[in-house]
Amino acid sequence: MTALQNQSAYQVNERGYYGQFGGAYIPEMLYPNVEELRDNYLKIIAQSNFQEEFQGLLRDYVGRPTPLYLAQRLSEKYNTTIYLKREDLCHTGAHKINNTIGQILLAKRLGKQKIVAETGAGQHGVATATVCALMGMECIVYMGEIDIQRQAPNVARMKMLGAEVRPANSGSKTLKDATNEAMRHWINNPTDTHYIIGSVVGPHPYPDMVARFQSVISEEIKKQLLEKTGSELPDYVIACVGGGSNAAGAFYHFLDDESVKLVAAEAGGHGITSGLSAATTFLGKIGVLHGSKSILMQTEDGQVVEPHSISAGLDYPGIGPMHAHLHDSHRALFYAITDDESIASAMELSKLEGIIPALESAHALAVLPYLKATPNETVVINLSGRGDKDLATYMKYL
Amino acid sequence: MNRIVSLFQHHPSHNLNVYFTAGFPKLEDTRRILKSLQDAGADLVEIGMPYSDPVADGETIQISNQQALENGMSVKKLFDQLRNMRDEIKLPVLLMGYINPVLQFGVENFCQQCAEVGVDGLILPDMPVDEYLETYKPIFDQYGILNIFLITPQTSDKRIRQIDENSAGFIYMVSSASVTGSQTGVTHDMEAYFARVNAMNLRNPRLIGFGIKDHETFVTACQHAAGAIIGSAFIRVVQQNENLEEAITTYVSSVKQGL
Ligand SMILES: Cc1ncc(COP(=O)(O)O)c(C=O)c1O
């Protein structure tokens with residue numbers, strides 16, 4: 001397939017929009033780069049040598065397929081049937097690497113020699129530094145100064161992998177500012193550099209491209225569920241949403257199966273009325289950030305509001321345009337999970353199942369008390385990452 | 001006639017366009033700086049609407065944006081400050097900023113306010129050309145507001161033609177692949193790009209921006225276009241000097257000396 005021919009109401013259209021959200025709101029300086037990507041990504045992804053290399057690396061390097069694990073003690077506790085999609089077992093510890101492998105293979109085929117990326121929790125930065133090491137490409141990662149402090153182990157990992165980590169000192173000094181810096185870097189280096197965005201955000205075609213690379217998650221869930229339960233469709237799929245890449249991947253092949261309830265967990269921070277929150281769909285309005293029209297936390301004057309979450313990976317004032325559309329069309333149900341609820345869920349999963357989740361993923365787990373699923377319903381939770389990087393935070397609660 | 005169009009008809013070369021951030025260094029400096037620029041001999045001005053996430057801007061303009069927002073600057077406040085400016089300001093005035101604050105204000109409401117206070121054009125670098133043509137152009141046209149597009153060394157000839165056909169006033173020719181505030185000046189590489197664009201016989205005059213900072217760079221740029229735009233270098237002037245009027249007069253005179 002070399003053109004966008006999506007029949008689905010939930011997929012991107014040929015103009016780069018999901019409903020009223022998406023597009024490419026970029027300064028002219030970025031236009032040639034984004035156009036090059038837009039004109040080539042579907043063609044390249046469809047090439048058999050691309051698919052061979054991509055699938056081979058997902059299998060032998062990332063460790064896919066990741067298990068779909070029936071969490072028995074957690075199921076007992078919530079009186080339903082819960083499967084965990086174990087993205088935490090991916091190489092580098094999160095789903096982020098599915099996307100970075102795809103994008104670096106694409107970048108190589110576009111003739112790019114250098115990679116720039118932004119990172120929040122550092123998981124995307126590590127996943128980018130990893131594939132750059134693998135491909136022998138130069139790697140620069142922008143990271144908010146505050147995130148550099150709270151995610152020190154990931155900073156060390158990136159350095160060990162040979163990446164240069166540059167602090168983003170502007171604005172709130174977190175993910176949104178790291179993204180601004182990465183975009184500026186791309187403007188300054190338009191010909192030899194590819195920008196690997198870490199989530200389903202940014203100008204078209206990024207949201208669609210990243211969603212496609214992450215869609216392996218739901219592709220596997222379907223196969224695995226069929227084997228385990230005789231049906232490929234669960235009743236619920238739950239995922240956390242920062243920008244929304246793990247959720248996009250977990251939802252992707254279920255979007256048109258309307259019997260599957262899609263549930264998104266946003267970071268409620270200290271609570272949605274506290275002023276310290278990152279719950280975009282609860283607090284945001286339609287607006288433009290980082291190249292796409294979506295839902296965005298902002299002031300009346302259209303200035304972007306600085307969000308708060310205990311989890312660096314969810315500490316972002318927007319969401320990808322696909323999720324804005326899923327919210328708008330009521331295809332997905334959104335919950336705002338507080339910092340405290342996510343900590344409690346992380347502790348619970350650790351004790352009940354022997355799995356320490358990433359703080360981001362803990363937000364998805366924390367939807368369980370609200371869900372009220374019945375014993376014969378099937379719930380799939382996308383466990384997007386593991387908790388090693390969050391130990392410093394968890395230690396405060398032990 | 002729109003003041004921008006009229007300027008280029010009567011004064012086709014050596015036009016100095018100066019950018020400054022509204023509400024910076026102090027909230028109420030906007031009108032002072034505007035008046036001083038006119039008195040000092042600028043030919044047109046771009047008033048920057050500060051934004052929290054100015055991705056096309058380098059550090060100098062970022063800092064001025066952040067300071068202006070901390071000072072309490074907003075779109076609404078800017079229109080208040082510009083009310084009655086036409087009693088004293090004869091220069092063409094453009095507003096430059098990012099699209100989100102304009103969308104929140106409402107595009108129609110925004111254009112109406114521009115027309116009311118006497119703003120002649122807008123520069124919104126992150127507004128897509130297609131989106132403008134499909135959705136916003138009729139509104140801009142209704143209120144007589146020109147939309148100024150950017151081109152860069154990477155912009156294809158085909159796209160330059162499309163932009164030329166759909167714009168009026170001037171085309172903003174970004175000198176190099178960079179965010180604002182680059183220190184490169186006007187280099188040999190750029191001359192090929194300027195020559196290529198000049199050979200296209202476009203309908204619209206061009207102003208060269210990014211990296212223009214003093215008399216030398218201004219004069220060089222003017223050899224290839226109808227004038228040039230100074231931004232970051234001017235922000236540094238107003239940032240570093242207590243006596244704004246004096247500093248602005250000195251700076252503008254030095255840039256335009258002998259012209
Ligand atoms: C483990 C994990 N989950 C989720 C996220 C949030 O990103 P997204 O919403 O794109 O999946 C991150 C981001 O750093 C992460 O590290």
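Chain B appears in an unreviewed UniProt entry as Tryptophan synthase alpha chain from Runella aurantiaca. In UniProt, chain B has this text filed under Pathway (unreviewed entry): "Amino-acid biosynthesis; L-tryptophan biosynthesis; L-tryptophan from chorismate: step 5/5." As recorded by UniProt, the Function (unreviewed entry) comment attached to chain B reads in full: "The alpha subunit is responsible for the aldol cleavage of indoleglycerol phosphate to indole and glyceraldehyde 3-phosphate."

Per an unreviewed UniProt entry, chain A is named Tryptophan synthase beta chain, and its organism is Runella aurantiaca. UniProt, in the comment section headed Function (unreviewed entry), describes chain A in these words: "The beta subunit is responsible for the synthesis of L-tryptophan from indole and L-serine." Turning to chain A, the UniProt record has this under Subunit (unreviewed entry): "Tetramer of two alpha and two beta chains."

Visitor: Describe the sheet that holds strand S9 (residues 236-240) of chain A, listing the residues and the values that go with them.
Guide: All names here are of chain A. Strand order in the open sheet formed by six strands is S3-S4-S14-S9-S10-S13, with mixed pairing between adjacent strands. Each having just a single partner strand, strand S3 (68-70) and strand S13 (332-338) make up the two edges of the open sheet. In this sheet, neighbouring strand axes are inclined to one another by 25° on average, regardless of whether the strands run parallel or antiparallel. Strands S3, strand S4 (81-86) and strand S14 (378-383) of the sheet are contacted by helix H10 (residues 216-229), whose axis makes an angle of about 140° with S4.

Visitor: Help me get a handle on the site of the ligand, residues and values and all.
Guide: Residue and element names in this part refer to chain A. Residues in contact with the ligand amount to 19 residues; listed here are only the nearest, Ser199, Gly242, Gly244, Ser245 and Ser384. Interatomic distance of 3.1 Å between a side-chain N/O atom of His95 and an oxygen atom of the ligand. Here an oxygen atom of the ligand and a backbone polar atom of Gly244 are 2.7 Å apart. When isolated, the ligand has an accessible area of 390 Å², and the protein chains bury 98% of it. If you map the ligand onto the pockets, it falls in the largest cavity. Taken together, the residues of the shell around the ligand break down into six nonpolar, 11 polar and two charged.

Visitor: Which residues make up the state of the cysteines, and what values do they have?
Guide: All names here are of chain A. All chains considered together, the criterion is met by zero disulfides over all chains. In this structure Cys90 is a free cysteine whose sulfur lies 13 Å from that of Cys240, the closest cysteine sulfur available. Lacking any disulfide linkage, Cys139 is separated from the closest cysteine sulfur, that of Cys132, by 3.7 Å.

Visitor: Describe the sheet that holds strand S5 (residues 146-147) of chain B, and please don't skip the residues or the numbers.
Guide: Residues and elements named next belong to chain B. Read across the sheet, nine strands follow the order S5-S4-S3-S2-S1-S9-S8-S7-S6 without closing on themselves; strand pairing throughout is parallel. Strands at the two margins of the open sheet, each flanked by one partner only, are S5 and strand S6 (150-151). Alignment of strand S7 (residues 171-174) against strand S8 (residues 206-209), held across four bridges, turns out to be parallel. The residue of S8 that forms the bridge with Tyr172 is Leu207. Across the sheet, helix H2 (residues 30-40) touches strand S1 (15-21), strand S2 (44-48) and strand S3 (93-96), and the angle it forms with S1 is around 170°.

Visitor: Tell me about the UniProt feature "active site" (unreviewed entry) in chain B, and please be specific about residues and values.
Guide: Residue and element names in this part refer to chain B. UniProt's entry tags Glu46 and Asp57 with the feature "active site" (unreviewed entry), counted in the numbering of this structure. Checking the named residues against the second largest cavity, the ones that line it are Glu46 and Asp57. By secondary structure assignment, the location of Glu46 is in strand S2. Given the relative accessible area of 0%, Glu46 is considered buried.

Visitor: Tell me about the packing of aromatic side chains, and please be specific about residues and values.
Guide: Inspection of every chain in the model, using the stated rule, returns 17 aromatic pairs over all chains. Considering the side-chain rings of Tyr132(B) and Phe149(B), the 5.5 Å spacing of their centres and the 80° angle between planes classify their relative orientation as edge-to-face. Here Tyr132(B), found in helix H7 (residues 129-142), pairs with Phe149(B), found in the loop between S5 and S6; they are 17 residues apart in sequence, far enough to count as distant. Residue Tyr132(B) is classed as buried on the basis of its relative accessible area of 3%. Chaining the aromatic ring pairs together yields one cluster made of Phe50(A), Phe54(A) and Phe213(A). When the ring centre of Tyr236(A) is taken as reference, the NZ or CZ atom of Lys261(A) above it lies at 4.8 Å. We note Arg159(B) situated over the ring of Tyr31(A); from NZ or CZ to the ring centre the distance is 3.3 Å.

So, how was this worked out
- Residues numbered from 1 in each chain as written.
- Chains lettered and ligands numbered in written order.
- Predicted model: local features only at pLDDT ≥ 70, side-chain atom pairs only at ≥ 80, totals over all residues.
- Heavy atoms only, no water.
- UniProt positions renumbered as here; feature names shortened; annotations may be inferred.
- Pairing = 2+ DSSP bridges.
- Helix = DSSP H or I, 4+ residues; strand = E, 2+ residues; numbered from the N terminus.
- Axes fitted to C-alpha atoms, helices over the stretch in contact; angles between N-to-C directions.
- Contact = heavy atoms within 4.5 Å.
- Near = heavy atom within 4 Å.
- Polar contact = N/O pair within 3.5 Å; in protein donor to acceptor, adjacent residues only side chain to side chain.
- Areas by Shrake-Rupley, 256 points an atom, 1.4 Å probe, with all protein chains shown as cover.
- 1 Å grid on protein atoms, 1.4 Å probe; cavity = no way out; pocket = protein on both sides within 12 Å on 5 of 7 lines; lining within 4 Å.
- Sits in = over half its atoms within 2 Å of the grid points.
- Nonpolar A, V, L, I, M, F, W, Y, C, P; charged D, E, K, R; others polar.
- Disulfide = S-S within 2.5 Å.
- Buried < 20%, exposed > 50% of the residue type's maximum accessible area, 1.4 Å probe, protein only.
- Phe/Tyr/Trp six-rings, centres within 6.5 Å; stacked < 30°, edge-to-face > 60°.
- Lys NZ or Arg CZ within 6 Å of the ring centre and 35° of its normal.

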